[in-house]
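# A structural walkthrough
If you want the building blocks of each chain, they are given just below.
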Amino acid sequence: MRMPADLRKQQILEIAAEICSKVEYRRVSKKMIADRAKISRSLINYHFKSMKLLRTSLIIYACEKKIHHIIAQGLLAKEPLVIRLPDAIKKKVIKCLLM
């Protein structure tokens, strides 16, 4: 039985977040995610048409789940979505990382 699209996207983002705990945010690839999820890269491409969209979705996911190390990596990479976050959130992320 196939996994519903929203659950598959969630799975892809969860795995990408796991990989980010071991690999720098910008180095995460669709191949790494596909290998870990045991799915094809074309399935990832179906849900995320580009790496930019996947990275943007990953940042949003990290913000929702409060995964500070990914947000921090987005700050360091000067990702536009992260740069536009309110200063209070950026300060909280930095504070959490310094603890």
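So, here is what we can say about the structure in this document. (Residues numbered from 1 in each chain as written. Predicted model: local features only at pLDDT ≥ 70, side-chain atom pairs only at ≥ 80, totals over all residues. Heavy atoms only, no water.)

## Structural notes on the overall build of the protein chain
Regarding its fold elements, the protein chain presents seven helices and zero strands. Taken over C-alpha atoms, the radius of gyration comes to 14 Å for the protein chain, in line with the 13 Å a tight globule of 99 residues would show. Seen through its principal axes, the protein chain has C-alpha atoms that stretch 45 × 20 × 20 Å. Here the protein chain holds 99 residues, and the buried ones make up 39% of them. Long-range pairs, those at least 24 residues apart, make up 50% of the contacts in the protein chain between residues at least 6 apart in sequence. Of the roughly 6,600 Å² of accessible surface on the protein chain, a fraction of 58% belongs to carbon and sulfur atoms. Across the protein chain, the centroid of the 22 positively charged side chains sits 3 Å from that of the 8 negatively charged ones. (Helix = DSSP H or I, 4+ residues; strand = E, 2+ residues; numbered from the N terminus. Rg over C-alpha atoms; globule rule 2.2 N^0.38 Å. Buried < 20%, exposed > 50% of the residue type's maximum accessible area, 1.4 Å probe, protein only. Contact = heavy atoms within 4.5 Å. Areas by Shrake-Rupley, 256 points an atom, 1.4 Å probe, with all protein chains shown as cover. Lys, Arg positive; Asp, Glu negative; His and termini not counted. Charge placed at Lys NZ, Arg CZ, Asp CG, Glu CD.)

## Description of the packing of helix α4 (residues 51-65) against helix α5 (residues 68-76)
With their axes 8 Å apart at the nearest point, α4 and α5 run at an angle of 135° to one another. Regarding the angle of α4 to α5, the classification is oblique. Along this stretch, α4 crosses α5, giving a crossing that reads as left-handed. Across from Leu-58, Ile-59, Ala-62 and Cys-63 in α4, the residues of α5 making contact are Ile-70, Ile-71 and Gly-74. Classifying every residue of the contact of α4 with α5 by side-chain character gives six nonpolar, one polar and no charged. (Axes fitted to C-alpha atoms, helices over the stretch in contact; angles between N-to-C directions. Parallel < 35°, antiparallel > 145°, perpendicular 65-115°, else oblique. Left-handed = near helix turned anticlockwise from the far one by under 90°. Nonpolar A, V, L, I, M, F, W, Y, C, P; charged D, E, K, R; others polar.)

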